[in-house]
Structure formats: C-alpha cells, structure tokens
Amino acid sequence: MTTQTYTITVNYDKSVEDLIKLGKYDWVNSNITSQHFPSDEKGKKEIEVTLIGYKKKHSSEFVLENIKKHGCRPATLKELLSLGKQYPDLQKKDWIIVFGSQWRSPSGGLGVPCLGRHGTYRGLSLSWLEGTWGPFWRFAAVRKSLSPLKTKDTSDTLTIAKP
C-alpha cells in the first residue's frame with residue numbers, strides 16, 4: 001500500500017456545477033450533477049486527503065474496509081473536485097476515485113466519481129463500484145481524526161474479518 005497526503009480547502013457550500021467549472025476539466029460525465037450527487041455538507045474547511053494506492057488488484061469491499069481500518073472515511077465528490085482544482089496534475093499520473101459519493105444509474109449500476117486523464121486531457125468521469133481496481137487507481141480518503149494515517153503494513157494482503 002502506498003499513501004500520499006494533500007491539504008486542501010473545500011467550500012461545501014458551492015454546488016457541484018460550480019466546483020466543476022472551477023476545476024477547468026477538459027471533459028465531464030454529464031451525470032455528475034448536484035441532482036445526482038446531493039450533499040448536506042456545509043461550510044468551508046481545510047482537510048487532509050490521503051490517496052491510497054495498491055500494487056495488486058483489489059475489490060471495492062477490500063478498499064473500503066482498508067480505508068476504515070486506517071481510521072479514515074471515503075472522500076466525497078466535493079472533496080474530489082476541490083483536490084482536482086488545487087492539484088490539477090495529480091490525475092495525470094493516476095486515476096483518483098472516491099467512494100463517499102455514489103449514484104444509482106437508471107440501469108441499476110452504482111457509479112462513483114473519479115478524476116482521470118486521456119493523454120494530456122483532464123476529466124471527471126464515473127466508474128462502476130462493482131468489480132476490481134488495478135494499480136493505476138488511487139482512492140481518496142479523509143482521516144476521521146487528527147492522527148496521521150499509519151502505513152506500517154507494506155503488503156496488499158490485509159485480512160478482512162467477515163461478519
């Protein structure tokens with residue numbers, strides 16, 4: 001597991017559409033709207049977003065459990081958009097995804113927002129939550145407390161207890 005942490009300012013009072021404009025993306029999935037991704041987040045805050053990456057493929061369940069195990073929660077769409085605005089080159093290296101905001105499509109799939117690239121172009125897209133994630137994905141997480149994210153375990157084979 002690898003981690004990188006970035007301090008960002010998030011204005012939760014801005015609409016998804018306003019945050020998209022501020023990010024100056026070259027392309028945007030038309031389903032990423034305030035209507036499809038409603039938010040009750042309020043105010044303006046400085047937060048630390050940690051990008052978590054893995055060397056092997058893992059399921060969404062594994063990633064979510066690992067985020068929680070490290071005292072974090074999945075980042076939201078507004079946090080992702082703020083990260084993209086303040087650090088626009090991050091998504092040119094790896095795709096960055098958030099599990100903290102989800103949209104159920106008319107066909108039943110569960111879409112999660114992600115920042116990505118096609119060549120030199122930056123974009124905002126949706127990916128399906130079902131399936132596995134390869135090593136070019138980074139998962140955005142926000143710490144629940146002020147203590148730093150611990151990364152003692154350098155393997156990708158963490159054990160997840162099943163209920």
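Here, every reference points to the structure presented above.
Notes on the structure in this doc start here. None of these values were measured; they are calculated from a predicted model.

## Looking at the overall build of the protein chain
In step 1: A count of helices and strands for the protein chain gives four helices and 11 strands.
In step 2: Looking at the protein chain as a whole, 48% of its 163 residues qualify as buried.
In step 3: For the protein chain, long-range pairs separated by at least 24 residues make up 75% of all intrachain contacts whose partners lie at least 6 apart in sequence.
In step 4: Looking at the protein chain as shown, the accessible area adds up to about 8,700 Å², and 52% of this sits on carbon and sulfur atoms.

## Here we look at helix α1 (residues 16-23)
Because each turn of an α-helix spans 3.6 residues, side chains separated by three or four positions end up pointing in the same direction.
In step 1: Among all positions in α1, only V16, L19, I20 and G23 are buried. For α1, the buried positions fall inside an angular range of 105 degrees around the axis, keeping them on one side.

## With respect to the side chain of S105
In step 1: By secondary structure assignment, the location of S105 is in the loop between β7 (103-104) and β8 (110-118).
In step 2: Judged by relative accessible area, S105 falls into the buried class, the value being 7%.
In step 3: Of the polar contacts made by the side chain of S105, one reaches the side chain of S107; its length is 2.9 Å.

## So, unusual backbone geometry
In step 1: Located in the positive-phi region is K24, a residue other than glycine, with phi close to 50 degrees.
In step 2: Within the secondary structure, K24 is located in the loop between α1 and β2 (27-28).
In step 3: The class of K24 is exposed, set by a relative accessible area of 66%.

Calculation notes
Residues numbered from 1 in each chain as written. Predicted model: local features only at pLDDT ≥ 70, side-chain atom pairs only at ≥ 80, totals over all residues. Heavy atoms only, no water. Helix = DSSP H or I, 4+ residues; strand = E, 2+ residues; numbered from the N terminus. Buried < 20%, exposed > 50% of the residue type's maximum accessible area, 1.4 Å probe, protein only. Contact = heavy atoms within 4.5 Å. Areas by Shrake-Rupley, 256 points an atom, 1.4 Å probe, with all protein chains shown as cover. Arc of directions from axis to C-beta. Polar contact = N/O pair within 3.5 Å; in protein donor to acceptor, adjacent residues only side chain to side chain.

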